[in-house]
Amino acid sequence: MTIAISDRECEAIAGKYEKICREAGRLIVGNADLLEIVFVALLADGHVLVEGIPGTAKSTIVKTAARLMGCDFRRVQCAVDTQPADIIGVRVWDQQERDFVLRRGPIFTNIMLIDEINRLPPKSQSAFIEAMGERQATIDGITLPIDRPYIAIATQNPFEREGTFPLIEAQKDRFMFSNRSQFLSGDAELEIIRREQSGMLDWASYIASLQPVLQKEDILRFSRTVRNVHIEDAVLAYIRDLVIATRSHSDVQLGVSARGSIALVRGARVLAAMDRRPFVIPDDVKKLAVPAFQHRVVLTREAGISGISPSRIVGEILDSVEVP
C-alpha cells in the first residue's frame, strides 16, 4: 500500500534544495537548470549526461553539488589511453601479504564525474554500463556492490570530433537526463567579470568555506519519500502519449524507449516535492520532457542535414499532445 507523502516532507526536500541553490550561487552564476537536474537525478536514482562547450562551469557545478550534498566524489578525466581497470579497479599482487589485493577504482563513490566521456575508447566506455544500470562492478570475476546514493555525471563536447568516440544509443539511454550547457547571457557574463575583479571566484577559499547541506542518509530518505508522490492516471497517460509521439514523428528515426517513460515518472515526482506538492501536475512532466528525451531521440538523416535539433522535436511534440 502506498503511503502518501506529507506536506512536511515536501517542505524538507524543497528547503534543502533552496539552501543548496543559495550556497552554490555564492560562486556559480547562472546554470540553475544543471544544478536542478543533478538534484532531481540524485533523488530519482538516475544519471546525467552534460553536453556543451568548454568553460561553462560543468565540472565546477558537479564538484560544488557533491560537497553540498555531503557525498563522496571522484573524477575520471578521460583520455584515449584510459583502460577499464583505471575506472573499475584491479587486483594486484601484494608481496607482504603474498596474495592478490583489490584496489578499487574511482567508480566506487557516490557522485562520479566522467569528464569528456567521448574521449574514451568504446571498451573503456562500456566499463560504466554495469555500474550505471546495476550499481555494481565486476573485477576479475568478483562482483562488488556500489554504495548508494550513486550518480554518474558525464560531460562531452559535441563540437569536437578529432580523437573522440561518440556514445552509442544504448549508452546514451542509460542516462536518465541530459543537459545542454550554453554560454551565459550578457548580464550574467558581466557578473562573472565583476566577481573575478573583486576576488569572489577564488575556488580554494569558496570550497573551504562550504559546509554540506545534506548527508547521505538524508538523500536515501528523500529518495524513498518521493516514491510516494501521487500521479493521477491522466498524467500517466500524458507521459505515455508524449513517448509514443516521439516514435511516430516524421523527423525521428528512433524514438524514446521505456527508460524515457520511467525517467519522466521518477523525475516528475521529485520535481513536485521540490515545489512543495505531494502530487504531480502536467507542468512537472513538460519541464522534464526535453532533459529526458533529447538524448534518446535519433533524427532522420534529412532532419539532421536540415539543422533540426532533438530539443526542437520534443518542443513540437509538447505543443501538439493534448495536456490533461
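About the thresholds
Residues numbered from 1 in each chain as written. Predicted model: local features only at pLDDT ≥ 70, side-chain atom pairs only at ≥ 80, totals over all residues. Heavy atoms only, no water. Helix = DSSP H or I, 4+ residues; strand = E, 2+ residues; numbered from the N terminus. Rg over C-alpha atoms; globule rule 2.2 N^0.38 Å. Buried < 20%, exposed > 50% of the residue type's maximum accessible area, 1.4 Å probe, protein only. Areas by Shrake-Rupley, 256 points an atom, 1.4 Å probe, with all protein chains shown as cover. Lys, Arg positive; Asp, Glu negative; His and termini not counted. Charge placed at Lys NZ, Arg CZ, Asp CG, Glu CD. Pairing = 2+ DSSP bridges. Salt bridge = Lys/Arg side-chain N within 4 Å of Asp/Glu carboxyl O. Axes fitted to C-alpha atoms, helices over the stretch in contact; angles between N-to-C directions. Parallel < 35°, antiparallel > 145°, perpendicular 65-115°, else oblique. Left-handed = near helix turned anticlockwise from the far one by under 90°. Contact = heavy atoms within 4.5 Å. Nonpolar A, V, L, I, M, F, W, Y, C, P; charged D, E, K, R; others polar. Core = buried A, V, L, I, M, F, W, Y, C linked by side-chain atoms within 4.5 Å.

**A closer look at the overall build of the chain**
On a plain count of helices and strands, the chain comes out with 15 helices and 11 strands. Scaling as 2.2 N^0.38, a compact globule of 324 residues should have a C-alpha radius of gyration of about 20 Å, and the chain matches this with 20 Å. Seen through its principal axes, the chain has C-alpha atoms that stretch 70 × 55 × 45 Å. Buried residues in the chain amount to 48% of all 324 residues. Of the roughly 16,100 Å² that the chain leaves accessible, carbon and sulfur atoms contribute 50%. Where the 40 positive side-chain charges of the chain centre and where its 43 negative ones centre are 3 Å apart.

**Observations concerning unusual backbone geometry**
In this chain, Arg148 is followed by Pro149 through a cis amide linkage whose omega measures 0°. Residue position: Pro149 is located in the loop between strand 7 (142-145) and strand 8 (151-156). In the Ramachandran plot, Glu116 falls in the positive-phi region, its phi being about 60° despite a non-glycine side chain. Structurally, Glu116 is set in the loop between strand 5 (111-115) and helix 5 (122-125).

**Describing the side chain of Thr82**
One can find Thr82 in the loop between strand 2 (73-77) and helix 4 (84-88). Among the residues examined, Thr82 registers a relative accessible area of 9% and is labelled buried.

**So, the pairing of strand 5**
Counting buried positions along strand 5 gives 5 out of 5 residues, so the element sits mostly inside the fold. Neither face of strand 5 is exposed, since Ile111, Leu113 and Asp115 on one face and Met112 and Ile114 on the opposite face are all buried. Sheet topology places strand 2 next to strand 5; 5 bridges connect them, and they run parallel. Across the sheet, residue Val76 finds its bridge partner in strand 5, namely Ile114. Judged from the 4 bridges that link them, strand 5 and strand 8 form a sheet pairing that is parallel. When the bridges of strand 8 are listed, Met112 appears paired with Ala152.

**Some details on the pattern of salt bridges**
Tallying each qualifying case throughout the model produces 18 salt bridges. The salt bridge partner of Glu18 is Arg276, with a shortest N-O separation of 2.8 Å. Of this pair, Glu18 sits in helix 1 (residues 7-24) while Arg276 sits in the loop between helix 12 (258-274) and helix 13 (282-293); the two residues are 258 residues apart in sequence, bridging distant segments of the chain. We classify Glu18 as partly exposed; its relative accessible area is 32%. Judged by relative accessible area, which is 33%, Arg276 ranks as partly exposed. Across the pair Arg119 and Glu116 runs a salt bridge whose closest N-O atoms are separated by 3.2 Å. Arg119 gets classed as partly exposed once you look at its relative accessible area, which sits at 21%.

**Details of the packing of helix 12 against helix 13**
For the pair helix 12 and helix 13, the least separation of the axes is 9 Å and the interaxial angle reads 135°. Relative to helix 13, the element helix 12 lies oblique. For the pair helix 12 and helix 13, the sense of crossing is right-handed. Along the contact surface, helix 12 presents Gly260, Ala263, Leu264, Gly267, Ala268, Leu271 and Ala272, while helix 13 presents Asp284, Val285, Lys287, Leu288, Ala289, Ala292 and Phe293. Its residues assigned to classes, the contact of helix 12 with helix 13 comprises 10 nonpolar, 2 polar and 2 charged.

**What about the nonpolar core?**
By size, the foremost hydrophobic cluster in this structure holds 74 residues, and its most contacted members are Phe39, Met69, Phe177 and Val285. If one sorts the elements of this core by residue count, helix 2 (residues 32-44) sits on top with 10 residues. Once residues lying within four places of it in the same chain are set aside, the contact partners of Phe177 are Ile37, Val40, Ala41, His47, Val48, Leu49, Ala263, Gly267, Leu288, Pro291, Ala292 and His295. Of all hydrophobic cores here, the second largest spans 24 residues; its members include Val76, Ile107, Ile146 and Ala154.

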